Amino acid sequence: QVHMVESGGGLVQAGGSLRLSCAASGRTFSSYALAWFRQAPGKEREFVAGISWNKANTYYADSVKGRSTISRDNAKNTVYLQMNSLKPEDTAVYYCAAGRKAIPTTTVGYDYWGQGTQVTVSS
């Protein structure tokens, strides 16, 4: 059974940083694209950042570009999201996802999703 478990969320002041991690188990994700999404209360889930299976390509939403870095460690089956200069509008539940045929910057093509980790940024 496949599991993706996010960690690293929490409460942080505006301007602070967080590093989210997502550890996958149950299969190897070295050939999968990995991504982070977020969903704020009353809003649809939105793409945040993505990385190709071979790390050759990374993608970012305009809202986090320049403030966030996605990375992956295939040996550990883990994807990370480093977020800096956090803003109150970054407050959301953050989800990781994996997909063999994922379409970058969209929610299309992701086969597995984590349960989410809450990020709250206070002003």
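Everything below is about the structure shown above.
A.B. asks: Outline the environment of Phe-47, supporting the account with residue identities and numerical values.
C.D. replies: Checked against the element boundaries, Phe-47 lands in strand S5 (residues 46-51). Spatially, the C-alpha atom of Phe-47 lies 9.4 Å from that of Tyr-59, the residues being 12 residues apart in sequence. In this structure, Phe-47 is in contact with Ala-35, Trp-36, Phe-37, Tyr-59, Tyr-60, Ala-61, Thr-105 and Thr-106, ignoring residues within four places of it in sequence.

A.B. asks: How would you sum up the state of the cysteines? Please name residues and give values.
C.D. replies: Tallied over the entire structure, the rule returns 1 disulfide. At a sulfur-sulfur separation of 2.0 Å, the disulfide partner of Cys-22 is Cys-96. Taking the torsion about the sulfur-sulfur bond, which here is approximately 50°, the covalent link between Cys-22 and Cys-96 counts as right-handed. Of this pair, Cys-22 sits in strand S3 (residues 18-25) while Cys-96 sits in strand S9 (residues 92-99); the two residues are 74 residues apart in sequence, bridging distant segments of the chain. Take Cys-22 and Cys-96: they sit in the same class, and that class is buried.

A.B. asks: An account of empty space enclosed by the protein is requested, with residue identities and associated values reported.
C.D. replies: For the structure shown, the criterion picks out 1 cavity of 30 Å³ or more. Here the largest cavity defines a volume of roughly 50 Å³. Taken together, Met-4, Cys-22, Ala-24, Phe-29, Leu-34, Arg-72, Asp-73, Asn-74, Asn-77, Thr-78 and Val-79 make up the full set of residues lining the largest cavity. Secondary-structure elements contributing two or more residues to the lining of the largest cavity are S3, strand S7 (68-73) and strand S8 (78-83).

A.B. asks: Report on the pattern of salt bridges, specifying residues and quantitative values.
C.D. replies: Once the charged atoms of two side chains with opposite charge are near each other, the side chains can pair. By the definition in use, this model includes 4 salt bridges. Among the ionic contacts, a cluster of salt bridges with common partners joins Arg-38, Glu-46, Arg-67 and Asp-90.

The rules we used
- By convention here, each chain's residues receive numbers from 1 onward along its written sequence.
- Owing to the predicted nature of the model, reporting of local features is limited to residues with pLDDT of at least 70; listing and counting of side-chain atom pairs is limited to 80 or more, with chain, interface and lining totals taken over all residues.
- Side-chain descriptors were evaluated using all non-hydrogen atoms of the structure, hydrogens and water having been removed beforehand.
- For helices the rule is a DSSP run of H or I covering at least 4 residues; for strands it is a run of E covering at least 2, with both sets numbered from the N terminus onward.
- Any two residues whose heavy atoms approach within 4.5 Å are treated as being in contact.
- Cysteine sulfur atoms are paired as a disulfide whenever they come within 2.5 Å of each other.
- Exposure classes here rest on a 1.4 Å probe applied to the protein chains alone. A residue is buried below 20% of its type maximum, exposed above 50%, and partly exposed in between.
- Cavity means a closed set of points on a 1 Å grid over the protein atoms alone, one where a 1.4 Å probe fits but cannot get out, pocket means an open set with protein on both sides within 12 Å along at least 5 of 7 lines, and lining means a residue has an atom within 4 Å of a point.
- Grid points are joined across faces, edges and corners, and a volume is the space filled by probe spheres set on the points.
- Should a side-chain nitrogen of Lys or Arg be within 4 Å of a carboxyl oxygen of Asp or Glu, the pair is scored as a salt bridge.

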